[in-house]
Amino acid sequence: MKHISILGASMDLGQQRRGVDMGPSAIRYAGVVERLQNLGHQVTDLGDLAPPLSASNASESESLRNLSQVVEVNTRLAKEIDDIIASGSFPLTLGGDHSIAIGSVAGVSGHYKNPGVIWYDAHADLNTSSTSPSGNIHGMPLAAALGLGEEQLSHIGGSEAKLRPENIVIFGARALDDREKQLIKQLGIKVYTMHEIDRHGMSAMMAEAIAYLKEKTDGVHLSLDLDALDPQHAPGVGTPVVGGLSYRESHLAMEMLAEAEIITSADFVEVNPILDEKNRTAKAAVDLIGSLFGEKLC
């Protein structure tokens with residue numbers, strides 16, 4: 001039994017499509033609190049961190065959308081996550097666009113000597129202001145965690161890098177920019193693409209990823225973007241990419257992570273109810289959260 005603290009980050013300023021700020025509410029409506037309680041966990045819902053009321057397309061860097069607002073929310077989020085872990089609780093953050101992972105990873109990093117991350121995502125999110133074609137910060141959180149790019153982002157929670165490249169696993173990737181591919185090779189980041197997962201199977205690839213991180217890290221953060229799943233299983237996301245992970249494959253992945261007992265914090269992001277079909281994506285998020293926290297078919 002775990003004590004789980006749920007914190008919503010209702011922000012859509014890291015990208016351009018409205019609606020993802022309602023993701024935490026949609027996941028709650030789909031029954032996440034009740035699901036976890038029924039598994040025997042003690043759950044505290046801390047409500048939502050709301051973004052500033054004003055947002056603009058201009059920013060201090062002139063290349064990043066809503067930079068100051070994204071920095072403000074993530075700075076607050078990092079402090080909240082830090083406090084949750086210090087209290088002995090498991091932080092479960094509900095997004096919101098994926099830029100909120102800047103704050104969640106920053107809040108986690110100070111509690112471990114060698115923190116790691118599983119970036120369960122169709123994208124690598126390794127862009128910076130100099131490589132991003134859009135200026136959308138939701139494509140930059142992993143770069144920020146590595147200490148790359150705009151210092152206002154990478155210095156949230158302290159000026160040091162929050163993650164080492166060798167402690168990162170990107171899982172489910174199928175939409176990588178050329179500059180991201182170059183950076184992955186340069187830094188030696190472990191990536192399991194859909195090609196590898198299709199060829200070798202989810203069980204083998206997730207087992208390998210778990211073994212890889214277990215020997216290197218003392219705490220692993222799961223950052224799960226619902227666009228890792230194929231759009232037929234998770235239609236309510238802002239940047240869907242066909243050819244993704246199936247609903248059942250993702251269940252298996254979460255079940256394996258639960259059995260391995262390596263996940264010490266998590267965020268589930270990019271649920272957009274406006275783009276969804278009868279809350280299917282939020283329900284999928286709740287199902288995967290259930291599996292991550294020990295739910296089994298029998």
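Note that the structure is a prediction, hence the values are computed from the model and not measured. (Residues numbered from 1 in each chain as written. Predicted model: local features only at pLDDT ≥ 70, side-chain atom pairs only at ≥ 80, totals over all residues. Heavy atoms only, no water.)

### Points about the overall build of the chain
Part 1 of the reasoning: Within the chain, the secondary structure is distributed over eleven helices and eight strands.
Part 2 of the reasoning: At 17 Å, the chain has a C-alpha radius of gyration in line with the 19 Å of a compact globule built from 298 residues.
Part 3 of the reasoning: Each of the three principal axes of the chain carries a C-alpha extent, and together these read 55 × 40 × 40 Å.
Part 4 of the reasoning: Sorting the 298 residues of the chain into buried and exposed places 57% on the buried side. (Helix = DSSP H or I, 4+ residues; strand = E, 2+ residues; numbered from the N terminus. Rg over C-alpha atoms; globule rule 2.2 N^0.38 Å. Buried < 20%, exposed > 50% of the residue type's maximum accessible area, 1.4 Å probe, protein only.)

### Some thoughts on the packing of aromatic side chains
Part 1 of the reasoning: One pass over the structure, following the stated rule, counts three aromatic pairs.
Part 2 of the reasoning: Aromatic side chains F90 and F293 sit 5.0 Å apart centroid to centroid with 75° between the ring planes, which places their arrangement in the edge-to-face category. Linking F90 in strand β3 (residues 90-95) with F293 in the segment after α11 (280-292), this pair joins segments that are 203 residues apart in sequence.
Part 3 of the reasoning: Exposure remark for F90: the relative accessible area of 7% places this residue in the buried category.
Part 4 of the reasoning: Accessibility expressed as a relative area gives 8% for F293, which makes it buried. (Phe/Tyr/Trp six-rings, centres within 6.5 Å; stacked < 30°, edge-to-face > 60°.)

### Let's talk about helix α9 (residues 202-214)
Part 1 of the reasoning: The end-to-end C-alpha distance of α9 is 18 Å, a good match for the 18 Å that 13 residues give at a rise of 1.5 Å each.
Part 2 of the reasoning: For α9, the full list of buried residues reads M202, M205, M206, A209, I210, Y212 and L213. The buried residues of α9 occupy an angular sector of 160° when the element is viewed end-on, so they sit on one face.
Part 3 of the reasoning: Close packing links the buried residues of α9 with β4 (115-120), β5 (168-173), β6 (190-193), α8 (194-200), β7 (219-225) and α10 (247-260). (Expected span 1.5 Å × (residues − 1). Arc of directions from axis to C-beta. Contact = heavy atoms within 4.5 Å.)

### Quick notes on the pairing of β4
Part 1 of the reasoning: Across the six residues of β4, six count as buried, placing the element largely inside the fold.
Part 2 of the reasoning: By the alternation rule, side chains of β4 split into P115, V117 and W119 and G116, I118 and Y120, which are all buried.
Part 3 of the reasoning: Note: β4 against β7, six bridges, orientation parallel. Looking at the pairing, Y120 lines up with L224 of β7.
Part 4 of the reasoning: Relative to β5, β4 runs parallel, the two sharing four bridges. In the strand pairing of β5, Y120 is matched with F171. (Pairing = 2+ DSSP bridges.)

### Details of the side chain of H98
Part 1 of the reasoning: Within the secondary structure, H98 sits in the loop between β3 and α4 (101-109).
Part 2 of the reasoning: A polar contact is formed between the side chain of H98 and the side chain of D225, at a distance of 3.3 Å.
Part 3 of the reasoning: With sequence-adjacent residues up to four places away left out, H98 is seen in contact with W119, D121, D125, H138, P141, S223, D225, D267, V269 and E270. (Polar contact = N/O pair within 3.5 Å; in protein donor to acceptor, adjacent residues only side chain to side chain.)

### Quick notes on the layout of surface pockets
Part 1 of the reasoning: Each pocket or cavity is described by its volume, and for the largest pocket that value is around 270 Å³.
Part 2 of the reasoning: Tallied by class, the residues present in the lining of the largest pocket amount to three nonpolar, nine polar and seven charged. (1 Å grid on protein atoms, 1.4 Å probe; cavity = no way out; pocket = protein on both sides within 12 Å on 5 of 7 lines; lining within 4 Å. Points joined across faces, edges and corners; volume = space filled by probe spheres on them. Nonpolar A, V, L, I, M, F, W, Y, C, P; charged D, E, K, R; others polar.)

### Re helix α3 (residues 67-86)
Part 1 of the reasoning: The terminal C-alpha atoms of α3 lie 28 Å apart, and with 20 residues this matches the ideal 28 Å at 1.5 Å per residue to within 8%.
Part 2 of the reasoning: For α3, the complete set of buried residues consists of L67, Q69, V70, V71, V73, N74, L77, A78, I81, I84 and I85.
Part 3 of the reasoning: Of the surrounding secondary structure, the elements contacted by the buried residues of α3 are β1 (3-9), β2 (42-49), β3, α4 and α6 (151-154).
Part 4 of the reasoning: Note on α3: the residue one or two positions beyond its end, G88, has a positive phi of about 90°.

### Re the confidence of the model for the chain
Part 1 of the reasoning: In the predicted model, the chain carries a mean pLDDT of 94, and 96% of its residues have values of at least 70.
Part 2 of the reasoning: Every residue in residues 56-60 is under pLDDT 50, and counting partners more than four places away or in other chains gives twelve contacts. (pLDDT = per-residue confidence, 0-100.)

### Looking at the pairing of β3
Within a regular beta strand, the side chains point alternately toward one face of the sheet and then the other, so they alternate between its two faces.
Part 1 of the reasoning: Within β3, six of the six residues are buried, leaving the element largely enclosed by the surrounding structure.
Part 2 of the reasoning: The alternating pattern of β3 places F90, L92 and L94 on one face and P91, T93 and G95 on the opposite face, and all of these are buried.
Part 3 of the reasoning: Here β1 runs beside β3; their pairing, made up of six bridges, is parallel. Note on β3: the bridge partner recorded for S5 is P91.
Part 4 of the reasoning: In this sheet, strand β8 (residues 263-269) lies alongside β3 in parallel orientation, the contact comprising three bridges. Along β8, the bridge assignment pairs L94 with F268.

### Side note on the sheet that holds β7
Part 1 of the reasoning: Spatially, the eight strands line up as an open sheet ordered β2-β1-β3-β8-β7-β4-β5-β6, and their pairing is parallel. This sheet does not close on itself; its edge strands, each paired only once, are β2 and β6. Taking each pair of neighbouring strands and ignoring which way they run, the sheet shows an average axis angle of 15°.
Part 2 of the reasoning: The strands that α4 touches are β3, β4, β7 and β8; relative to β7, the one it contacts most, it runs at about 170°.
Part 3 of the reasoning: Sitting on the sheet, α10 is in contact with β4, β7 and β8, with an inclination near 165° to β4. (Axes fitted to C-alpha atoms, helices over the stretch in contact; angles between N-to-C directions.)

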